[in-house]
There are 4 protein chains.
Amino acid sequence: MGKQKLRIGMVGYGFMGRTHSNAFTQAPKYFDLPREPELVAVCARNRERAEAFASNWGYQDVESDWQSLVARDDIDLIDIAAPNDMHHDIAIAAAQAGKMVMCEKPLGRTAAESAEMVAAVETAGVANMVWYNYRRIPAVTLAKQMIDRGDLGRIYHYRAKFLQDWTIATDLPQGGEGLWRLDVNVAGSGVTGDLLAHCIDTAMWLNGGIDSVTAMTETFVKERAHSLTGKVEPVGIDDACAFLARFDNGSLATFESTRYARGHKALYTLEINGEHGSLAWDLHDLHRLDYFDHRVEGETRGWRSIHITDGEHPYMDSWWVPGLSIGYAESFVHQAADFIRGLEGEAAAPTFADAHRTDLVTDAVLKSGRTGQWEPASDS
Amino acid sequence: MGKQKLRIGMVGYGFMGRTHSNAFTQAPKYFDLPREPELVAVCARNRERAEAFASNWGYQDVESDWQSLVARDDIDLIDIAAPNDMHHDIAIAAAQAGKMVMCEKPLGRTAAESAEMVAAVETAGVANMVWYNYRRIPAVTLAKQMIDRGDLGRIYHYRAKFLQDWTIATDLPQGGEGLWRLDVNVAGSGVTGDLLAHCIDTAMWLNGGIDSVTAMTETFVKERAHSLTGKVEPVGIDDACAFLARFDNGSLATFESTRYARGHKALYTLEINGEHGSLAWDLHDLHRLDYFDHRVEGETRGWRSIHITDGEHPYMDSWWVPGLSIGYAESFVHQAADFIRGLEGEAAAPTFADAHRTDLVTDAVLKSGRTGQWEPASDS
Amino acid sequence: MGKQKLRIGMVGYGFMGRTHSNAFTQAPKYFDLPREPELVAVCARNRERAEAFASNWGYQDVESDWQSLVARDDIDLIDIAAPNDMHHDIAIAAAQAGKMVMCEKPLGRTAAESAEMVAAVETAGVANMVWYNYRRIPAVTLAKQMIDRGDLGRIYHYRAKFLQDWTIATDLPQGGEGLWRLDVNVAGSGVTGDLLAHCIDTAMWLNGGIDSVTAMTETFVKERAHSLTGKVEPVGIDDACAFLARFDNGSLATFESTRYARGHKALYTLEINGEHGSLAWDLHDLHRLDYFDHRVEGETRGWRSIHITDGEHPYMDSWWVPGLSIGYAESFVHQAADFIRGLEGEAAAPTFADAHRTDLVTDAVLKSGRTGQWEPASDS
Amino acid sequence: MGKQKLRIGMVGYGFMGRTHSNAFTQAPKYFDLPREPELVAVCARNRERAEAFASNWGYQDVESDWQSLVARDDIDLIDIAAPNDMHHDIAIAAAQAGKMVMCEKPLGRTAAESAEMVAAVETAGVANMVWYNYRRIPAVTLAKQMIDRGDLGRIYHYRAKFLQDWTIATDLPQGGEGLWRLDVNVAGSGVTGDLLAHCIDTAMWLNGGIDSVTAMTETFVKERAHSLTGKVEPVGIDDACAFLARFDNGSLATFESTRYARGHKALYTLEINGEHGSLAWDLHDLHRLDYFDHRVEGETRGWRSIHITDGEHPYMDSWWVPGLSIGYAESFVHQAADFIRGLEGEAAAPTFADAHRTDLVTDAVLKSGRTGQWEPASDS
């Protein structure tokens, strides 16, 4: 009501187009924001579907190519929810046009791509952010607060996994809608860029920089029909990847991701062990944070399951009453809210620069998978 | 989209006003509905807060008294999210004005009240529904489908609890905003109408009618300051209530609710045991349904935790991808969607008539708490 | 090692004969005891099986009738692990012969029986104990210590269940070995004396006396073949029983037991809610105690799962190292050890007098199941 | 009774001396064995404690040096429960004396040591076994049966961890009783030989041979007082170790162990993912096996927690009744029983030759920790 508008142009109408649109729609209803998001236009090649999407979410207009979207004067922010191979060009063009840019993860297909994207937004001086949404699951945010205030003390161990099982069927094609994640040219990599990137972003946020890694990658199904060409073609992505890492703070880590772990749909798990205590979380029960506090009386020590639904938990005073949980989509709502709040104060993370550091790690992981050597995981 | 509008007038802007407004806002984005909800006006005595609420949720107008709201020609549906003592009069007036009526639970403070409300909507022939939202948590809906198709066979046992801990402090006042649930004149009863009503609604939906009950009620804190009068006054509600029940199908049940169970915020749990298997669910992990299937091979039998996030689970094909959960608020979205879909086909339940049957049980429970006798739980 | 012997005569070689024999064999290996148990003789009608049992466990001798066992001069303690209908006569004869007496639970088939047994041991002045072994699961013992030192504060609620599923098959006969629990003449009652008696014993130990109860009992399968007569005969036991109770300290309780809860084998669960915290335990994960401590910092509060395997936990310094669990049978080992230690100091509980109080409650429960009224649960 | 005796000489009276003695004592009471274990003599340098140990467990005699024990004619089996640096010499001498040999794990401090031990028992033709007891936790045994019959189909992933937290305190000395595991000269290595050896033994039993590994090791506390010399000395063991592995069957694995994971006492966890399903187990809840069966109806699929207490589960028909669990120590009882049964039929595993293959893997892991390279994990 009288607030300045934040006029949004969206690229993409898939799964992520939906989560972002929901985020911008819901954020102002639950959080007090300095600007009012306005869904101006959505862009996608399939005009019919773009129009249906626009109608559903309340976008006022539709564009058929992203260049037109970026060129519009009535848009402040370009939000990129398109496949990975489009991130680089759109982000740079948007920055050069003076737009704020939000981008789905991973930022680039390679660290070289994302380095150029970072340069573009920094040169343009535009607000920017990458949608590593799991930082804003309230349980994960609480973990960050607890670690930062020293509840765990010195950190010894970090471990993370992201397990799925949706590509076990050998007759699943690669490429095409919903399946571009299997096409290495579009996706850049397999589980490493898609899933481990999430694990790495959270890990470096919680536990600092990663020094070096040694990795193992595997492609279980070597050939798949390509839905665009109709031919059986080699599969270029990694179906599974595990790596060992040493953090700058001296702690040790294991990371693993696969799409061949039967029974797990989106099982992102993390655990961190410190001298005073430990924390564990998983995405399948995202509303809980497990905490072991060694400093309480010995005989009553135990892993405690914190039900993250109280008003004193991060973000939760904006939602319901104690005991009543929120879901996955709300992490995007929190991120949209934080981005908008950051426009008037300290910029919200992760920025493009933060996400580039994640790309440096995924590059090192993929390289180590080829060389069998320990590889440095930063460019410093 | 040229769809017919469903023009809504809302009474109340509290916790339930928010969940209902969210439901009507989100439902058309995730479900294909025959009519388009339109938030026409919200009514509440505090005009300033009503206007803020209207602004936040997109209501076009504000009314200061419900009589004016009911009298408007541009409203199709009156949704009652006000305290219990207002349900009866508003619902009857709305029905008499030819409006559809949705009402928060419990329908009446007593079965006598709700009998009159049922008569009003049935005489008027208007669509009606009561917001027993837990039926539409997808895990609970799946339980219903499994029971109906015979997965459990003959039922032997049902048990439900709804445990909270928010009224243990003796200096918590009764009455006033957010605390009217402690004032018997407004609420009608304590945990019996507030929490056990939910348990009873689900139980009769899953397991059929309740024949008779024997109950125990308790008020642990006998006097509390009243926030409206400022005086210490006797507490008239039940702080805790437990009852035994016999269902019409011969199964036995235990029910319990309290606001004095330290560590539980909104722990609604249910379990049902049949000859072939059992099901269990709880609101603190609402995205899971536990199932024991006795018919599988003996040595691998076990309680299985079904993670209710797959497209084949009820309502879930409208949301995200496997593994990613929804929260509490979505149960209201589902209910709003079902109500609107029911306008063009079979009316969605629970209707006022269904909710009246729940009130008959809560009346019997409260009566048994006084008499110490088994009491019949229906009027048949 | 020159210690005084504790010469034991055992009646019964079934499931409980085995757990008791194991207890007396293991106790001196893990606990420092003032007397050395010596397995002198086992008595059972089937001589061949009694001899095999004696050989297996190291009993020096076999008796065919309990009168002969009780008459022996070389026995200090008669341990009754025979069906319920034999408890009364053997215990009284043993006491009159000046023997110590240990007896399986329930002490009597009725409180009238157990009253006479109490009188006998008290008149004779002999040591006596009843095998309510669950008190000595270390997690339950720790719960007792925590409650006694005030960790929970004022108690509001207690709830216990004992769920099984082994008698759902209608072709299961009643009577005979292993099945005498279905024969009311032998067992005295069904789940009430067999399973709820355990729940009641623990409950009164943890939470004090029970004032009054109202109950519901059911026999789902009304007739079963009797394995001794070969005829189909009415079933006299209760297959399921639930009751509400008020404790002397003002707290409210629910109890339930059944043998028709598919998926549960021996699921004894208990929970107690107090003003400062709550405790929960179940027999299927007997090595864990769940604890909610409201007094810790709000945002990190949660139910904590205490893994009861540390040396500081009750009894555990006698077993292995942290993290390594013990099982069901060890609860009997602890009880045997405590009984023997109690011979030189304060007598260990539960005594016959304690167990008689449990029989008063089960009598009241069964009576209420018939009358539909609240019944007093003690004779005071 | 009339059975041939199996006359046992035990070396060591510590934690493992107790578990083995318990095993030989309990095994004949619960399993029908072709030979009767007889505890002939225990050997240890501290005569007073050896005598107390002998008295407690029923050993008839005590020896002060193992050479004397091995030389006795009245002993059939030498069981080595002494620290790792004694395994090699005792085992070879025992084999050369024609005794059967059982040995605690790891078999050797290095694969070179264990190769000589294998040669000795094979040359002598004596029965031999290594106490990798976790194979005989019933849940793990059931996992083996399920994998062998194809319940999981092609295997994609294996992961195991063994997490402890008992050496975080920097003032814990190395060496001496109970602490020899911190002295590299005695132990051979740290967590790799002590804990990962267990994980590797189970893994190769369940999933076949390991082809190659890449590892990371760390010693967090670099110096500790040595309890024997009284001086601060460098710590030579690995406090933590993680490695990646490729199995011969093409599956990928991650392994990790540490003594710096706060909140975990003996958390051995394993998980295996195959095309049809997955299995998971952990030592903190050793009586449960988690199983995901992809072949059941989609909407009711879920991870199922099998409570391993039924008579149809491995070893469980010898213990109690359904629902009642056994503990850690029973895994040794099963192993003793299987060893003795194997004397009359097929020899029970793991033999010395099996355990040597585990030592080859731990050697490769430790080597990779130094080289940073992938190392072959077998000598073939």
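About the thresholds
Note that residues are indexed from 1 along each chain, following the sequence as it is written. Labels follow written order: the first chain is A, the first ligand is 1, and so on. Predicted model: local features are reported for residues with pLDDT of at least 70 only, side-chain atom pairs are reported and counted for 80 or more only, and whole-chain, interface and lining totals are derived from all residues. As a convention, hydrogens and water are excluded, and side-chain values are obtained from all of the structure's heavy atoms. It only takes one pair of heavy atoms within 4.5 Å for two residues to be counted as in contact. Two parts placed together each lose some accessible area; with a 1.4 Å probe, that loss summed over both constitutes the buried area. A side-chain nitrogen of Lys or Arg and a carboxyl oxygen of Asp or Glu constitute a salt bridge if their distance falls within 4 Å. Between N or O atoms, a polar contact is any pair within 3.5 Å; within protein, one atom must be a potential hydrogen donor and the other a potential acceptor, and residues adjacent in sequence are included only when both atoms are from side chains. Here a helix means four or more residues in a row that DSSP labels H or I, a strand means two or more in a row labelled E, and each is numbered from the N terminus. Aromatic rings from Phe, Tyr and Trp, with only the six-membered ring used for Trp, were paired whenever their centres fell within 6.5 Å, and each pair was classed as stacked if the ring planes differed by under 30 degrees, edge-to-face if by over 60, and tilted otherwise. A 1.4 Å probe rolled over the protein chains alone gives each residue an accessible area, and that area as a share of the maximum for its type sets the label: buried under 20%, exposed over 50%, partly exposed in between. The fit set for superposing copies consists of C-alpha atoms from residues with pLDDT of at least 70 in both; the fit itself is least squares.

In the nomenclature of an unreviewed UniProt entry, chain A is known as Myo-inositol 2-dehydrogenase of Candidatus Rhodobacter oscarellae.

## With respect to the interface of chain C and chain B
Each partner contributes to the interface: chain C provides 43 residues, whereas chain B provides 43 residues. Around 3,500 Å² of area is buried between chain C and chain B when both sides are counted, 57% of it from carbon and sulfur atoms. Its largest share of buried area at the contact with chain B, chain C owes to Met216(C), Phe220(C) and Arg262(C), together 21% of the area lost on that side. Run the count over chain C and chain B and you get four salt bridges. The residue Glu256(C) makes a salt bridge to Arg159(B) at a minimum N-O spacing of 2.8 Å. Seen at the junction of chain C and chain B, the total is 19 residue pairs in polar contact (both at pLDDT 80 or more). Broken down by secondary-structure element, the contributors of at least two residues to the side of chain C that touches chain B are β7 (155–163), β8 (210–218), β11 (240–247), β12 (252–258), β13 (267–274) and β14 (277–282) of chain C. The dominant element in the side of chain C that touches chain B, judged by the number of residues it contributes, is β11(C), at six residues.

## Let's talk about the packing of aromatic side chains
A full pass over the atoms with the stated rule returns 112 aromatic pairs over all chains. Measuring from ring centre to ring centre gives 4.8 Å for Phe220(A) and Tyr156(D), while their planes differ by 65°; the resulting arrangement is edge-to-face. Of this pair, Phe220(A) sits in the loop between β8 (210–218) and β9 (223–225) while Tyr156(D) sits in strand β7 (residues 155–163), placing the two residues on different chains. For the pair Tyr30(B) and Trp319(B), a centre-to-centre distance of 4.2 Å together with 25° between the ring planes defines the contact as stacked. Separated by 289 residues along the polypeptide, Tyr30(B) in helix α1 (residues 15–30) and Trp319(B) in the loop between β16 (303–307) and α9 (330–342) bring together distant segments of the chain. Overall, Trp319(B) belongs to the buried group, its relative accessible area being 3%.

## Topic: the relation of the copies chain A and chain D
Between chain A and chain D, the superposition needs a rotation of 180° and an axial shift of 0.0 Å, giving an RMSD of 0.0 Å. On this basis, the relationship between the two copies can be described by a two-fold rotation axis. Among all residues of chain A, the one whose C-alpha sits closest to the rotation axis is Gln373(A), at a distance of 3.1 Å. Interface overlap between copies is the fraction of interface residues in one copy that are interface residues in the other; for chain A against chain D it reaches 100%, indicating a shared surface.

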